[in-house]
Amino acid sequence: MGPNNAPQINVPIIWILGGPGSGKGTQCDRIVAKYGFTHLSSGDLLRNEVSSGSSRGKELNAIMERGELVPLEVVLDLLREAILSALPTTRGYLIDGYPREKEQGILFEQTIAPVNLVIFYDASEDTLVERLLGRARTSGRADDNEDTIKKRLKTFNTHNDQVVQQYVSKLKKIEAERTTDEIFAETSKYIDELLASF
């Protein structure tokens, strides 16, 4: 056991950052297919916990229904549990849309493990707005109108800038306004470099 009884994790941990509409979901799917990594999204973990009907899930549901943010520690607990349960078989972890703010990243590294690589899929606000509006036309998601989208992007950018500044040495910023193949080629290059050091 490491410090604070942290698990001993001998596979890469990669954080995947990118605004809504940046295409990081598509890239995560391709990374999983190529490298056999475990893809963890804090949003999915929260939704699964709520739908499990556990007492923790019921508490989380109440918090979200009140429109409040789920406490950092809860998200961290869910991530830690998912990381540990996949540990025997995984070749690495992709942690998607996390950390959303600087404090989360600091807590993760203190209580779980250091992150090895931070990938940020960067696209201009105009591109993201356009993509999200396109998605809204097909999905009918109520939160996908232009004003709401711009607010979401502003919130994302404010927090993400702090995260990015915190991890300059581990950060790879990937221009996300190209084809998915070009983006994936660059993503693979950084992951291959990281794996060579394991």
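In the nomenclature of an unreviewed UniProt entry, the chain is known as adenylate kinase of Hypothenemus hampei. In its Subcellular location (unreviewed entry) section, the UniProt entry covering the chain states "Cytoplasm". As its UniProt record puts it under Sequence similarities (unreviewed entry), the chain is described as follows: "Belongs to the adenylate kinase family."

Asker: How do you make sense of the overall build of the chain when you look at a structure like this?
Answerer: In terms of regular secondary structure, the chain is built from eight helices and five strands. Overall, the chain shows an N-to-C arrangement of helices and strands of β-α-β-α-α-α-β-α-β-α-α-β-α. With the C-alpha coordinates of the chain rotated into their principal frame, the extents come out at 50 × 45 × 30 Å. Per-residue burial for the chain yields a buried fraction of 42% across its 198 residues.

Asker: Even after reading the chapter, I still don't get the pattern of salt bridges, so can you show me in this structure?
Answerer: Side-chain pairing between opposite charges can occur once the charged atoms of the two side chains come close. Enumeration over the complete set of coordinates arrives at eleven salt bridges. Across the pair Lys-170 and Glu-109 runs a salt bridge, and its minimum N-O distance is 3.4 Å. Remark: Glu-109 occurs in helix 5 (residues 102-111) and Lys-170 occurs in the loop between helix 7 (146-166) and strand 5 (171-175); sequence separation between them is 61 residues. For Glu-186, the salt bridge identified is with Arg-178, shortest N-O distance 2.7 Å. Residue classification places Glu-186 among the buried positions, given a relative accessible area of 17%. Beyond isolated ion pairs, a larger network of salt bridges with shared partners links Glu-49, Arg-56 and Glu-81.

Asker: Sorry, what's going on with helix 6 (residues 125-139) here?
Answerer: An α-helix turns once every 3.6 residues. As a result, residues three or four positions apart point the same way. With 15 residues, helix 6 extends 20 Å from end C-alpha to end C-alpha; this agrees with the ideal 21 Å at 1.5 Å per step. Within helix 6 the residues assigned to the buried category are Thr-127, Leu-128, Val-129, Leu-132 and Ala-136. Where the residues of helix 6 are buried, they touch helix 7.

Asker: When you look at the sheet that holds strand 2 (residues 38-41) in this model, what are you seeing that I'm missing?
Answerer: Sheets are built from strands that pair by backbone hydrogen bonding, the pairs being arranged parallel or antiparallel. The five strands are arranged 2-3-1-4-5 in an open sheet whose pairing can be described as parallel. Single-partner strands in this sheet number two, and they are strand 2 and strand 5. This sheet shows a mean twist of 20 degrees between the axes of neighbouring strands, independent of strand direction. Across the face of the sheet, helix 7 comes into contact with strand 1 (13-18), strand 4 (117-122) and strand 5 while running at roughly 145 degrees to strand 1.

Asker: Where do I start with the packing of aromatic side chains in this structure?
Answerer: Each pair of aromatic rings is reported with the distance of its centres and the angle of its planes. Counted under the stated rule, the structure contains five aromatic pairs. Relative to Phe-108, the ring of Trp-15 has its centre 5.4 Å away and its plane inclined at 80 degrees; by these criteria the two rings are edge-to-face. With Trp-15 in strand 1 and Phe-108 in helix 5, this residue pair connects regions lying 93 residues apart in the sequence. Accessibility expressed as a relative area gives 0% for Trp-15, which makes it buried. Ring plane angle 85 degrees and centroid distance 5.0 Å describe the contact between Trp-15 and Tyr-167, whose orientation is recorded as edge-to-face. Linking Trp-15 in strand 1 with Tyr-167 in the loop between helix 7 and strand 5, this pair joins segments that are 152 residues apart in sequence. Taken together, Trp-15, Tyr-98, Phe-108 and Tyr-167 form an aromatic cluster joined through their ring pairs.

Asker: Please explain helix 4 (residues 72-86) as it appears in this structure.
Answerer: With 15 residues, helix 4 ought to run about 21 Å at 1.5 Å a step, and its terminal C-alpha atoms sit 21 Å apart, in line with that. Each element contacted by the buried residues of helix 4 is listed here: strand 2, helix 2 (42-52), helix 3 (55-65), strand 3 (93-96) and helix 5.

About the criteria used
Residues numbered from 1 in each chain as written. Predicted model: local features only at pLDDT ≥ 70, side-chain atom pairs only at ≥ 80, totals over all residues. Heavy atoms only, no water. UniProt positions renumbered as here; feature names shortened; annotations may be inferred. Helix = DSSP H or I, 4+ residues; strand = E, 2+ residues; numbered from the N terminus. Buried < 20%, exposed > 50% of the residue type's maximum accessible area, 1.4 Å probe, protein only. Salt bridge = Lys/Arg side-chain N within 4 Å of Asp/Glu carboxyl O. Expected span 1.5 Å × (residues − 1). Contact = heavy atoms within 4.5 Å. Pairing = 2+ DSSP bridges. Axes fitted to C-alpha atoms, helices over the stretch in contact; angles between N-to-C directions. Phe/Tyr/Trp six-rings, centres within 6.5 Å; stacked < 30°, edge-to-face > 60°.

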